[in-house]
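Survey of secondary and tertiary structure
Chain residues, written in single-letter form:
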Amino acid sequence: MWQTCEHIQRYLPHWAQQGVEYKHRNDAWTLHESDRSAPNALDILRSSWEEPDARTLEEMYEEQPNLQATSNHLAFQLPHLRNRLDYLGVTELGDSKTDEEQERQVAKEAEIERQRELPPKVQPATSSLHQAVKALVESGEFNSNAQSPFVPLFSPLGNKYKWSTALFSTRDFATTIRDGASVGDFLRPVNWILSVPQHRVLVVISPFEANQLLPMIWKSKHVHLHIYTSRVNKTMKSTEDLRFFSVPPLPALSDPLVFIPGPMLQLSLWAGQLYLKDLETYKQLCRLLGLIGAESGPSMWDSDGFVKPENRTGEMKKQCQMDMSPVIFLKELFSLRRKGMGYAPTHMGKILDVKPVEQKDFEQ
């Protein structure tokens, strides 16, 4: 209440000045309407309504000696304003330019200069082709022990979450800088994927390895090399079924990729894919991650949409292996992939912000 009264008292001169200017313009309009045919009638009206476009430096900055409150303000000479001021108990009014003068002298313009914070300089790692990767292509031999060149796909950012055991990458793909430093700012994009139907695994490899292995892959009966691009634009074609381009070509009589739908959903997360194929894919992804999404069964979930194991029902209870919410991790991952660019309106942006994704969101 006290602040309201103080605000009214402070800005009374502005209100009174507005009333004075209105009376001045209204009188000019009344005069103009009474005799429009009078000489220079329109010029007189214009001169009463218009204000200067600019002021000189002297007018703006010279000392103003008569800015103190006084009872001689023009507002006291107008009956309607005088009655309202008497009702408010106001006997003196200052000049409305007082605040303008103070703001001009006190306020300082803040100069903002953007400074890009770039990652520290590091040395890139040297690419190499491990013999075990060759053996995988030539004989189908796959081993994921600690000494092998195959590591869990999500391992560069930690192993806190239970991701699919069918997803791997080579160490050459995962290692982008020397001396074992964090690769957070230097994640390699996902473009080349080896499918190994015999072991039902997907292995992401580096461009260097793809180039070196290509002659052997053409002759291989154990693996297929697939080209993949994460869908970051709604108009892009989805390549997550890995059938866009394969080496060697996929057989027509059998389907060696029958095992990939579940693992590919998680691989697309690592690749930074923003748009899903259809509504059913959205529901399946939410079930795999333990997020409420389109599910109506769970009665309790956390503020980030994560459904704890004890609250899961139906297909989510069967499919989800997550013990803790992956939302924060995924937000960090997508932030690294997007490098500061926003993605809130996309399918993944809505999922991570606990917003519903509807059928209309998949329409072009």
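Now for a quick tour of the structure. (Residues numbered from 1 in each chain as written. Predicted model: local features only at pLDDT ≥ 70, side-chain atom pairs only at ≥ 80, totals over all residues. Heavy atoms only, no water.)

Along the protein, the regular secondary structure elements total 13 helices and six strands. About 23,200 Å² of surface is accessible on the protein, with carbon and sulfur atoms providing 52% of the total. (Helix = DSSP H or I, 4+ residues; strand = E, 2+ residues; numbered from the N terminus. Areas by Shrake-Rupley, 256 points an atom, 1.4 Å probe, with all protein chains shown as cover.)

The next thing to look at is the pattern of salt bridges. Summed over the entire model, instances satisfying the criterion amount to seven salt bridges. For Lys331, the salt bridge is made with Asp353, and the minimal N-O distance between the two is 3.9 Å. Of this pair, Lys331 sits in helix H12 (residues 327–338) while Asp353 sits in the segment after helix H13 (347–352); the two residues are 22 residues apart in sequence, bridging distant segments of the chain. Overall, Lys331 belongs to the partly exposed group, its relative accessible area being 35%. When the shortest N-O distance is used, the salt bridge between Lys350 and Asp361 registers 3.0 Å. In this pair, Lys350 sits in helix H13 while Asp361 sits in the segment after H13, placing the two residues eleven residues apart along the sequence. (Salt bridge = Lys/Arg side-chain N within 4 Å of Asp/Glu carboxyl O. Buried < 20%, exposed > 50% of the residue type's maximum accessible area, 1.4 Å probe, protein only.)

Given a rise of 1.5 Å per residue, 33 residues ought to cover 48 Å, and the 47 Å separating the end C-alpha atoms of helix H1 (residues 2–34) matches this to within 8%. Along H1, the helix axis deviates most sharply at Tyr11, where the bend reaches about 50°; the proline Pro13 sits within four residues downstream. Among all positions in H1, only Leu12, Pro13, Ala16, Gly19, Val20, Ala28 and His32 are buried. Next to the buried residues of H1 lie helix H2 (41–49) and helix H4 (79–88). (Expected span 1.5 Å × (residues − 1). Bend = angle between axes of the 7 residues up to and from the residue. Contact = heavy atoms within 4.5 Å.)

Turning our eyes to something else, we now look at unusual backbone geometry. That bond from Val247 to Pro248 is cis: its omega, -15°, falls within 30 degrees of zero. Structurally, Pro248 is set in the loop between strand E6 (246–247) and helix H9 (261–271). Its identity as a non-glycine residue notwithstanding, Lys339 has a phi of 55°, on the positive side. Assessed through its relative accessible area of 62%, Lys339 is described here as exposed.

Across four bridges, the pairing between strand E3 (residues 192–196) and strand E5 (residues 224–227) is antiparallel. Across the sheet, residue Leu194 finds its bridge partner in E5, namely Leu225. For E5 and E6, the ladder comprises two bridges, and the chain directions are antiparallel. Along E6, the bridge assignment pairs His226 with Ser246. (Pairing = 2+ DSSP bridges.)

Each aromatic ring pair is specified by the distance between its two centres and by the angle formed by the two planes. Evaluated as defined, the whole model comprises nine aromatic pairs. Taking 6.2 Å as the distance between ring centres and 55° as the angle between the ring planes, the aromatic pair formed by Tyr161 and Trp163 counts as tilted. Of the two residues, Tyr161 and Trp163, both sit in the buried class. Among the aromatic residues, those joined into a ring-pair cluster are Phe154, Tyr161, Trp163, Trp270 and Phe329. Over the ring of Trp270 we find Arg337; its NZ or CZ atom is 5.7 Å from the centre of that ring. (Phe/Tyr/Trp six-rings, centres within 6.5 Å; stacked < 30°, edge-to-face > 60°. Lys NZ or Arg CZ within 6 Å of the ring centre and 35° of its normal.)

This brings us to the sheet that holds E6. Strands sit in the order E1-E2-E4-E3-E5-E6 across an open sheet of six strands; the sheet is mixed. Each end of this open sheet is capped by a strand with a single partner; those strands are strand E1 (150–152) and E6. Here strand E2 (residues 167–170) runs beside strand E4 (residues 201–205); their pairing, made up of three bridges, is parallel. The residue bridging Ser169 from the neighbouring strand is Val204, located in E4.

Attention now moves to the nonpolar core. Residues Trp163, Val190, Leu202, Leu267, Leu330 and Met348 are the most contacted members of the largest nonpolar core, which totals 48 residues. When residues of this core are assigned to their parent elements, the largest contribution, six residues, is made by H9. Among residues more than four places away in sequence, those in contact with Leu202 are Ala166, Leu167, Phe168, Ile193, Leu194, Ser195, Leu242, Phe259, Ile260, Pro263, Met264 and Leu267. (Core = buried A, V, L, I, M, F, W, Y, C linked by side-chain atoms within 4.5 Å.)

Before going further, it helps to spend a moment on the environment of Ser148. Structurally, the position occupied by Ser148 is in the loop between helix H6 (131–139) and E1. For Ser148, a relative accessible area of 7% corresponds to the buried category. Sequence separation between Ser148 and Gln131 is 17 residues; the distance between their C-alpha atoms is 9.6 Å. Among all residues touching Ser148, those that are not within four sequence positions of it are Asn143 and Arg171. Only 2.9 Å separates the side chain of Ser148 from the backbone oxygen of Asn143, close enough to count as a polar contact. (Polar contact = N/O pair within 3.5 Å; in protein donor to acceptor, adjacent residues only side chain to side chain.)

What follows deals with helix H10 (residues 279–289). Residues three or four positions apart in an α-helix share a direction because the helix packs 3.6 residues into each turn. Those residues of H10 that fall on the buried side of the exposure criterion are Thr281, Tyr282, Leu285, Cys286, Arg287, Leu288 and Leu289. Buried residues along H10 sit against H9, helix H11 (314–319), H12 and H13. If you check the start of H10, you find a side-chain oxygen 3.4 Å away from the backbone N of Glu280, and it comes from Asp278. In the stretch just after H10, Gly290 is the one whose phi turns positive, near 75°.

Shape is all these values report; function is a separate question.
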